[in-house]
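Here is how the chains run, residue by residue.
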Amino acid sequence: MPKSRKVQRLNESEVKLSIGDWLTELGFQIFDEKENKLRPHWGLFKVSNISRGKRPDLVVYGNIGAAQRLIRGTYIAIEIKCGYKHHDILNGFDAILDYFSDYLWGAEYKINNKVIQIAAFVFATFFSREGFLFKEEGKFDPRHIVRGPWDAYPMTFTISRLLWRQKDNLVKRFQTLSGIPKVERKLKGIFYAGRLIPEIGILVRHPTKKHCVRLMLSRHPYHWKFEGSS
């Protein structure tokens, strides 16, 4: 019997292009962390007031909604990993928490030299286009794995819930530390106590509606539609 061909795996840069192209086709505006010669029509975002030097892969502009609510003109920051291996999921999980923590402590995001507010930090992989994060989740039927309105693939559901829980822990720690005078002095004017705290979560295609993007966010009702603004 002839040997089956191995499916060519994309590297992280190629996955980033794939996710960006998918969202562009759905009407979203895309901003890259650096000038992208392969996608010159994408915009550019910059981040300041960070110590680690790391930043999300993309910032995407669109509208989010749930039930009767619609929030127009929101910026969502996306961390993108390949999703073929378990460590891709763990690395993406850690990155989202890092960016969220940086934002709490004063990271500023700018587009065209204007400060923008990040509504949410979300994690996506190549398989977000299919409705889940981890390659092996494609073997499951998302319906009825979790009872109620939570139809989702098992790891995708678990990672989103763990992110939400860690967000709560980080906010509590931030609120405690920000009240300490030595910490405020150390921040040297970068303290942003009055800024809205963003949500965190994941970005995937809707499990049954192929042309819809779902954000599983840390804000009730937790499942949000993400739609292009164009």
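Because the structure is a prediction, the values reported are computed rather than measured.

J.: Can you break down the overall build of the protein chain residue by residue, with the values?
T.: In terms of helices and strands, the protein chain carries 4 helices and 10 strands. Listed N to C, the secondary structure of the protein chain is α-β-β-β-β-α-β-β-β-α-α-β-β-β in terms of helices and strands. Taking contacts inside the protein chain between residues at least 6 apart in sequence as the whole, the part at least 24 apart equals 63%. Carbon and sulfur atoms form 51% of the exposed surface of the protein chain, whose accessible area is close to 13100 Å².

J.: Report on helix α3 (residues 154-177), specifying residues and quantitative values.
T.: The first and last C-alpha atoms of α3 sit 35 Å apart over 24 residues, in line with the 34 Å expected at 1.5 Å per residue. Burial in α3 covers these residues: Met155, Thr156, Phe157, Ile159, Ser160, Leu163, Trp164, Lys167, Leu170, Val171 and Phe174. On the buried face of α3, the contacting elements are α2 (86-104), β7 (118-125), β8 (199-205) and β9 (213-217).

J.: Before we move on, could you go through the pattern of salt bridges and cite the residues and values that matter?
T.: As enumerated under the stated definition, the model contains 7 salt bridges in all. We note a salt bridge from Lys81 to Glu12, for which the minimum N-O separation is 3.7 Å. Within this pair, whereas Lys81 is found in strand β4 (residues 69-81), its partner Glu12 is found in helix α1 (residues 12-25), the two being separated by 69 residues in sequence. Exposure remark for Lys81: the relative accessible area of 14% places this residue in the buried category. Among the residues examined, Glu12 registers a relative accessible area of 34% and is labelled partly exposed. Of the charged contacts in the structure, one is a salt bridge between Asp32 and Lys16, with a shortest N-O distance of 2.5 Å. Of this pair, Asp32 sits in strand β1 (residues 29-32) while Lys16 sits in helix α1, placing them 16 residues apart in sequence. Each of the two residues, Asp32 as well as Lys16, counts as buried. Among the charged side chains, a network of salt bridges with common partners joins Glu12, Glu79 and Lys81.

J.: Just give me the short version of the side chain of Asn63, but keep the residues and values in it.
T.: Examined against the element boundaries, Asn63 turns out to sit in strand β3 (residues 58-66). A distance of 2.9 Å separates a polar side-chain atom of Asn63 from the backbone nitrogen of Gly73. Setting aside residues no more than four positions away along its own chain, Asn63 makes contact with Leu70, Ile71, Arg72, Gly73, Thr74, Lys225, Phe226, Glu227, Gly228 and Ser229.

J.: For the confidence of the model for the protein chain, give the residues involved together with the corresponding values.
T.: The predicted model of the protein chain has a mean per-residue pLDDT of 86, with 84% of residues at 70 or higher. Across the protein chain, the element-wise mean pLDDT spans from 46 in helix α4 (residues 181-187) up to 98 in β1. When the criterion is pLDDT under 50, residues 181-191 qualifies, and its contacts beyond four places in sequence or with other chains add up to 11 contacts.

J.: Help me get a handle on the pairing of strand β2 (residues 43-48), residues and values and all.
T.: Sheet topology places β1 next to β2; 2 bridges connect them, and they run parallel. Paired with Phe31 across the strands is Gly43, a residue of β2. In the sheet, β2 pairs with strand β5 (residues 108-111) via 4 bridges, with the strands oriented antiparallel. Bridging from a neighbouring strand, Val47 pairs with Tyr109 of β5.

J.: Break down the environment of Ser18 for me, citing the residues and quoting the values.
T.: Inspection of the secondary structure puts Ser18 in helix α1. Spatially, the C-alpha atoms of Ser18 and Thr125 are 9.7 Å apart, while their sequence positions differ by 107 residues.

Parameters at a glance
Once a new chain begins, its residue numbering starts again from 1 and follows that chain's sequence as written. It should be noted that, the model being predicted, local features are given only for residues of pLDDT at least 70 and side-chain atom pairs only at 80 or more, the latter also being counted only at that level, while totals for whole chains, interfaces and linings use all residues. Computation of side-chain values covers all heavy atoms of the structure but excludes hydrogens and water. Where helices and strands are cited, they refer to DSSP runs of H or I of at least four residues and of E of at least two residues respectively, numbered from the N terminus. Should any heavy atoms of two residues lie within 4.5 Å, those residues are considered in contact. Exposure was quantified through the Shrake-Rupley algorithm and a 1.4 Å probe, taking into account, for residues, occlusion by the shown protein chains and nothing else. Expected span of a helix, by definition, is 1.5 Å for each gap between consecutive residues, and there is one gap fewer than residues. The rule is simple: take the accessible area with a 1.4 Å probe, protein chains only, and divide by the maximum for that residue type; under 20% is buried, over 50% is exposed, in between is partly exposed. The rule for a salt bridge is simple: a side-chain nitrogen of Lys or Arg has to be within 4 Å of a carboxyl oxygen of Asp or Glu. Identification of polar contacts relies on pairs of N or O atoms within 3.5 Å, with a donor-acceptor requirement for protein atoms, meaning one able to donate a hydrogen and the other able to accept it, and with residues adjacent in sequence counted only if both atoms are side-chain atoms. Confidence of the predictor at the level of single residues is given by pLDDT, which spans 0 to 100. For two strands to count as paired, DSSP must find a minimum of two bridges between them.

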